[in-house]
Amino acid sequence: MDDKGGTLKKRFARKIAVCFKVVPDFVQALAEDWENFSENTDLAYVKRVINCFDESALEIALRIKDGGGKIGAPVFCIALTAADALKTSFSRTLFAAGFDRVEVLTDGAELSGYTGGLRTYGFRDNAASAGGADLQEGDGLRTDTELSGNCGVNIAASGVGDNAVSGGAGSDFAANGGASRFGFDSMRTAEKLAERLREIAPDLILTGRQAGCADSGAVPFYIAEFLGLPLFEASTAAFSGGVFLVETDVGAKIEVSAPCVVSVGNGGAEGLRISTLKEVLATAEKTPEILRAAKYFAAANNPKIKFAYFKKEKKCAVMTVGGLTDLLKSGDF
Amino acid sequence: MEKTKLIAELKGIVGENGVSTDERVISDCSKDYIGFRQFERGAGKHWEPKAACVVSPQNTSEVSAVLRFLNSHKIPAVPRTGGSSVTLGVEPQEGGVILNGSKMSGVAALNETDMCVTVCAGTPLEYLENYLNKRGYTTGHFPQSLPLAQVGGLLATRSIGQFSTLYGGIEDLTVGLEAVLPDGEIIRIKNSPRRSVGPDLRQIFVGSEGTLGFITEATLKIFRYAPENRWMRAYSIQGMKNGLAALREMTAQGFRPAVVRLHDPIETERDFGAPAPQGYCLLLLLAEGPKTIAAAIGEGVDGILKEFGVVDLGVKPVLHWLEHRNDVCADLDKYKYYRLGAIADTCEISAPWSEIGDIYEAVLERTPREVPSLVSIAGHSSHSYAQGTNIYFTFGAAADKDKPETARGIYMSVIRVIMEETLKRGGSIAHHHGSGKYRTRWMPEEHGSSYGVMYRLKNALDPNGIMNKGVIFTDVK
């Protein structure tokens with residue numbers, strides 16, 4: 001038992017950084033906003049959520065931390081986002097869940113829980129320009145890339161290169177709010193995240209597979225590339241039997257060595273654990289680290305994108321015994 | 001009565017297809033959406049009592065015959081229609097009968113001269129509203145359960161809609177009705193714009209939750225439908241009590257926007273992305289009717305609200321709310337809170353203006369102290385009157401997915417605080433969901449000295465106590 005514990009301690013990731021992003025819940029956006037999407041589109045009325053894939057990454061980190069705690073191998077968990085601001089409720093949620101530190105990479109803009117008035121969540125350049133595919137029959141859209149997620153909203157990109165559409169875990173400032181932020185430039189987003197991650201030097205970097213507006217899934221790859229680390233795509237990840245394992249979408253389990261980047265889907269953990277109100281209230285004194293250094297930011301070169309929304313019509317009809325045929329014939333439903 | 005004989009007798013009344021003993025049908029018709037039941041079902045536990053069968057009459061005569069039979073044999077019956085209950089109101093008695101009115105469906109008559117529509121008990125509200133909209137009318141009744149609810153249940157639970165500040169609750173919209181008493185007698189309360197001929201008998205059945213009879217048909221008011229005339233605006237306003245004071249002033253001055261919603265800062269951030277400064281509430285207003293009236297209401301309330309230091313947030317938050325206000329109905333059977341290890345629900349109470357703010361604050365202060373696993377507690381006012389308003393508390397609490405039997409206790413510990421704080425300050429413990437079975441224990445305090453009259457009604461109309469036992473009445477004398 002002691003030997004096993006010793007092995008675990010030796011091989012256990014001591015410092016985990018998780019890149020996450022707060023995004024608008026796009027399924028709640030008004031159809032007219034999707035149809036007329038631009039850098040000035042006001043989505044301030046749409047609730048914000050932690051990207052679902054990033055939630056999985058956050059939860060996996062905490063499970064590893066739990067596992068470390070059980071064998072006396074403390075794990076330090078850092079949640080890292082790039083945004084113009086992070087609402088207090090999100091940082092407190094993360095602290096209450098068990099994160100030791102929450103970091104917000106920003107460009108030096110004034111930060112607060114809220115800046116007042118209606119805000120513009122948009123894109124810096126050319127956000128509404130034409131490109132990609134046209135509206136098709138059915139729910140949502142078909143675009144250059146069939147995108148996942150449950151929001152029924154797909155996004156097309158034109159001028160496609162690997163970095164044309166951002167997304168992936170970590171950050172994309174357009175979705176986080178603020179007009180003068182990165183748009184959909186995955187490479188630059190990843191570059192800046194990587195700069196900070198190099199300073200943190202975690203044993204393990206966890207990211208959600210894809211995120212936010214564009215869901216390209218490119219950011220995790222770029223982060224790994226910039227840091228010179230191996231990347232593993234996984235449905236989930238865990239320490240098990242003394243080794244760090246990632247499980248792929250097809251069920252294969254791969255033993256990996258730290259440091260590395262692991263990009264996870266949302267199959268292994270349904271979401272971030274919930275915290276009680278008492279636990280959240282207990283985080284009142286904890287605040288996120290705001291990293292305003294301008295070095296993390298530079299002008300972004302946003303690709304041209306096109307957004308659209310397609311709403312499925314719903315019909316309601318009375319089903320009466322013997323009356324259905326008449327009803328259908330009448331067309332009055 | 002032995003179950004086989006019971007089934008045979010009922011089939012003799014409503015036919016072979018009118019009685020179901022299929023366990024899935026019985027389970028589905030027994031389903032209640034109260035938070036802890038959803039959690040239990042998420043864990044695969046179906047702990048509601050098991051009825052012997054579901055009886056689905058197709059007309060009033062069959063309802064009458066069924067009830068006459070059940071009453072003569074003292075067999076308990078639970079009426080239901082749409083099944084959107086969140087109060088344990090439609091859960092059956094063990095071995096009893098579920099009386100399902102959903103097969104009595106359809107519009108019996110639209111009277112455009114008298115501005116009313118007569119519909120059968122099982123008519124889905126959404127169908128009725130669509131039917132009327134195509135003809136230029138509306139019911140003006142939009143509860144959150146609209147995608148599920150049927151007319152009989154709306155009357156039986158004393159439902160209210162999101163546009164209530166203009167149109168009132170279902171009790172204000174009911175022109176006349178037909179019901180079957182527990183002994184099978186069919187009664188009709190005729191349609192009249194108003195009468196002065198004794199107590200209003202409609203109100204014995206509206207809100208009775210099936211304890212005094214089975215509503216088979218209702219005549220409801222209709223209104224001209226002109227959504228293009230709407231005036232809409234969202235504001236942020238600092239502090240819940242300040243917001244409530246603004247609502248009070250608005251209604252005291254006689255303004256009646258159809259929609260008046262004040263979401264506290266927690267809901268504002270959680271549900272709307274906080275399009276308001278931190279600590280501010282979100283106020284959603286919508287006025288409708290003739291364009292000149294809607295515009296005048298808008299102008300008037302805007303002037304009042306500016307005195308309270310509001311920030312104008314434009315129209316989008318209202319449009320967003322309109323689009324998503326009933327989304328919850330689509331998720332009811334997905335157990336999403338169970339998967340998170342949480343119980344979540346709402347609880348609505350009402351109180352005079354002088355007390356409502358204190359009730360809200362007391363509940364938010366007490367629940368985190370007294371419910372260790374509480375995850376969130378928040379609230380909004382959504383139905384306002386000159387005399388007061390409601391608070392619709394929304395709450396969540398963590399629960400052990402491996403111990404679903406603990407969910408009910410956790411849930412009721414939140415409800416207990418809300419009930420106690422409401423009663424302590426003279427409020428009413430149910431604004432529009434009804435008593436169901438889960439609030440019955442507080443009914444003596446709710447009704448005080450008038451509670452005895454309820455029993456006299458019950459004993460007069462349902463002396464055998466067969467109708468929806470456990471609802472409203474702590475027991476039947």
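Values in this document were obtained by computation on a predicted structure and should not be read as measured data.

1. A word on the overall build of chain A
Then, in step 1: Looking only at helices and strands, one finds nine helices and 14 strands in chain A.
Then, in step 2: Counting across all 333 residues of chain A, residues that qualify as buried make up 53%.
Then, in step 3: Here the contacts in chain A between residues at least 6 apart in sequence split such that 77% fall between residues at least 24 apart.
Then, in step 4: Taken as a whole, chain A presents about 14,200 Å² of accessible surface, with 48% of it coming from carbon and sulfur.

2. Remarks on the confidence of the model for chain A
Residue and element names in this part refer to chain A.
Then, in step 1: When pLDDT is averaged along chain A, the result is 68; 57% of the residues meet or exceed 70.
Then, in step 2: The secondary-structure element of chain A with the lowest mean pLDDT is strand 6 (residues 155-157), recorded at 29, while strand 1 (residues 15-19) shows the highest, at 95.
Then, in step 3: A low-confidence stretch, residues 109-183 stays under pLDDT 50, and its non-local contacts, those more than four residues away or across chains, total 246 contacts.
Then, in step 4: In this model, residues 298-305 is a region of pLDDT below 50 whose contacts with residues beyond four sequence positions or in other chains number 35 contacts.

3. Side note on the sheet that holds strand 7 (residues 204-208) of chain A
Residues and elements named next belong to chain A.
Then, in step 1: Ordered by their spatial adjacency, seven strands build an open sheet running 8-12-7-1-4-5-13, and the pairing between neighbours is parallel. What marks the edges here is a single partner per strand, and that holds for strand 8 (231-234) and strand 13 (289-291). Across the sheet, the mean angle from the axis of one strand to that of its neighbour is 20 degrees, orientation sign disregarded.
Then, in step 2: As defined by bridge partners, strand 5 (residues 101-105) adjoins strand 13 across three bridges and the pair is classed as parallel. When the sheet's bridge partners are listed, E103 is paired in strand 13 with E289.
Then, in step 3: In this fold helix 3 (residues 52-70) packs onto strand 1, strand 4 (76-82), strand 7 and strand 12 (260-264), with an angle of close to 150 degrees to the strand it touches most, strand 7.
Then, in step 4: Against the sheet, helix 6 (residues 186-200) contacts strand 1, strand 4, strand 5, strand 7 and strand 13, and its axis sits at roughly 145 degrees relative to strand 5.

4. Looking at the sheet that holds strand 10 (residues 214-221) of chain B
Residue and element names in this part refer to chain B.
Then, in step 1: The strand order across the open sheet built from five strands is 5-6-10-8-9, with neighbouring strands paired in antiparallel fashion. The open sheet is flanked by strand 5 (107-111) and strand 9 (186-189), the only strands paired with a single partner. The sheet shows a mean angle of 10 degrees between the axes of neighbouring strands, direction not considered.
Then, in step 2: As paired strands, strand 5 and strand 6 (residues 116-120) are joined by four bridges and run antiparallel to one another. Paired with V107 across the two strands is V119, which belongs to strand 6.

5. Regarding the environment of E445 of chain B
Residues and elements named next belong to chain B.
Then, in step 1: Its location among the elements puts E445 in helix 17 (residues 443-447).
Then, in step 2: Relative accessible area serves as the criterion here: at 56%, E445 is assigned to the exposed category.
Then, in step 3: A C-alpha to C-alpha distance of 9.5 Å links E445 and I429, two positions 16 residues apart in sequence.

6. Here's the deal with unusual backbone geometry
Then, in step 1: Each neighbour pair has its own omega, and for A258 of chain A with P259 of chain A the value is 0 degrees, a cis peptide bond.
Then, in step 2: Within the secondary structure, P259 of chain A is located in the loop between strand 11 (253-256) and strand 12.
Then, in step 3: At L88 of chain B, a residue that is not glycine, the phi angle is positive and equals roughly 65 degrees.
Then, in step 4: We note that Y335 of chain B has phi near 55 degrees; this positive angle belongs to a residue other than glycine.

7. Section: the pairing of strand 4 of chain A
Residues and elements named next belong to chain A.
Then, in step 1: Of all seven residues in strand 4, six are buried; the element is thus mostly enclosed.
Then, in step 2: Sheet topology places strand 1 next to strand 4; five bridges connect them, and they run parallel. Bridge assignment links V18 to a residue of strand 4, and that residue is A79.
Then, in step 3: When strand 4 meets strand 5, the two strands line up parallel, connected through five bridges. Counted as the bridge partner of I78 is R101 from strand 5.
Then, in step 4: With helix 4 (residues 88-97) bridging strand 4 and its parallel neighbour strand 5, the resulting β-α-β unit is right-handed.

Calculation criteria
- Residues numbered from 1 in each chain as written.
- Chains lettered and ligands numbered in written order.
- Predicted model: local features only at pLDDT ≥ 70, side-chain atom pairs only at ≥ 80, totals over all residues.
- Heavy atoms only, no water.
- Helix = DSSP H or I, 4+ residues; strand = E, 2+ residues; numbered from the N terminus.
- Buried < 20%, exposed > 50% of the residue type's maximum accessible area, 1.4 Å probe, protein only.
- Contact = heavy atoms within 4.5 Å.
- Areas by Shrake-Rupley, 256 points an atom, 1.4 Å probe, with all protein chains shown as cover.
- pLDDT = per-residue confidence, 0-100.
- Pairing = 2+ DSSP bridges.
- Axes fitted to C-alpha atoms, helices over the stretch in contact; angles between N-to-C directions.
- Right-handed = clockwise from strand over helix to strand, strands pointing away.

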